[in-house]
Amino acid sequence: MTGLYDMAGHLIRRLNQISVSVFAEKMRQAGLDLTPVQFSALTALQANPEVDQATLAGLIAHDRVTMGAVLERLQNKGLIVRKVSPRDRRARVLSLTPNGQAVLGEVTPIVWALQDEILTGLSADEKTELLRLMRKAAHAGNERSRAPLQPIKEP
């Protein structure tokens, strides 16, 4: 069984569990009802207002079906609005509401502060190196993902 504990997949899953747990605890302490994927969606919308659901899903490397449910929850919380696209009447574009902007402004410093807690036990240099290696591996394996990261290409 010891070999299991040294496998990349097992360790990545464990770190994800730790990350989600720390995130949930900090949101609870702040009196906020937000999940990591909801935070990602709000952050991406702030940087890319008026994108459609499919584009947003690509910006945060999330599958489109799940993204629909995430956006419905954010809309029900009054954090985003969906409007008919001026370019394609069949599509909906998304943007933050003033309340969404305010919540994102409140939660962003909390999320940045909890990053060290996720990688507790590592020195600053080790955290920097681990993040560098994770970015490298995620970039190299992006196309193998069920939901690859698809950043907006600049014209």
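What comes next is a walk through the structure.

Cut-offs used in this document
- Residues numbered from 1 in each chain as written.
- Predicted model: local features only at pLDDT ≥ 70, side-chain atom pairs only at ≥ 80, totals over all residues.
- Heavy atoms only, no water.
- Helix = DSSP H or I, 4+ residues; strand = E, 2+ residues; numbered from the N terminus.
- Buried < 20%, exposed > 50% of the residue type's maximum accessible area, 1.4 Å probe, protein only.
- Contact = heavy atoms within 4.5 Å.
- Areas by Shrake-Rupley, 256 points an atom, 1.4 Å probe, with all protein chains shown as cover.
- Lys, Arg positive; Asp, Glu negative; His and termini not counted.
- Charge placed at Lys NZ, Arg CZ, Asp CG, Glu CD.
- Pairing = 2+ DSSP bridges.
- Axes fitted to C-alpha atoms, helices over the stretch in contact; angles between N-to-C directions.
- 1 Å grid on protein atoms, 1.4 Å probe; cavity = no way out; pocket = protein on both sides within 12 Å on 5 of 7 lines; lining within 4 Å.
- Points joined across faces, edges and corners; volume = space filled by probe spheres on them.
- Nonpolar A, V, L, I, M, F, W, Y, C, P; charged D, E, K, R; others polar.
- Salt bridge = Lys/Arg side-chain N within 4 Å of Asp/Glu carboxyl O.

Some remarks on the overall build of the protein chain
A tally of regular secondary structure across the protein chain gives 6 helices and 3 strands. Projecting the C-alpha coordinates of the protein chain onto the three principal axes gives extents of approximately 55 × 35 × 30 Å. Expressed as a percentage of its 155 residues, the buried residues of the protein chain come to 30%. The long-range share in the protein chain, meaning contacts at least 24 apart out of those at least 6 apart in sequence, stands at 53%. Accessible area for the protein chain stands at about 10,400 Å²; split by element, carbon and sulfur atoms hold 56% of it. Separation of charge centres in the protein chain, based on 20 positive and 16 negative side chains, amounts to 6 Å.

Observations regarding the sheet that holds strand S1 (residues 51-52)
Taken in spatial order, the 3 strands of this open sheet run S1-S3-S2, and their pairing is antiparallel. Looking along the sheet, the strands with just one partner apiece sit at the ends: S1 and strand S2 (80-84). The pairing of S2 with strand S3 (residues 92-96) spans 5 bridges and is antiparallel. Of the residues in S3, the one forming a bridge with Lys 83 is Val 93. Docked against the sheet, helix H2 (residues 36-47) engages S1, S2 and S3, running at close to 95° with respect to S3. The strands that helix H4 (residues 64-76) touches are S2 and S3; relative to S2, the one it contacts most, it runs at about 110°.

What about the layout of surface pockets?
Considering only enclosed or pocket space, the largest pocket measures out at about 2,000 Å³ in volume. Lining the largest pocket are 41 residues, with Ser 19, Ser 40, Gln 115, Leu 131 and Met 134 sitting closest to its centre. Listing elements by their share of the lining of the largest pocket, those giving two or more residues are helix H1 (8-30), H2, helix H5 (98-118) and helix H6 (124-140). With 11 residues, H6 is the single largest residue contributor to the lining of the largest pocket. Taken together, the residues of the lining of the largest pocket break down into 27 nonpolar, 11 polar and 3 charged.

Regarding the environment of Arg 87
Inspection of the secondary structure puts Arg 87 in the loop between S2 and S3. Placed 20 residues apart in sequence, Arg 87 and Val 107 show a C-alpha to C-alpha distance of 33 Å.

Notes on the pattern of salt bridges
Across all of its chains, the model carries 5 salt bridges by this definition. A salt bridge links Lys 77 to Asp 33; the shortest N-O distance between them is 3.5 Å. Of this pair, Lys 77 sits in the loop between H4 and S2 while Asp 33 sits in the loop between H1 and H2, and the two are 44 residues apart along the sequence. Residue Lys 77 is classed as partly exposed on the basis of its relative accessible area of 28%. Between Glu 129 and Arg 132 there is a salt bridge, with the nearest N and O atoms lying 2.8 Å from each other. Taken together, the residues Glu 129 and Arg 132, both in helix H6 and 3 residues apart, mark about one turn of the helix. Judged by relative accessible area, which is 40%, Arg 132 ranks as partly exposed.

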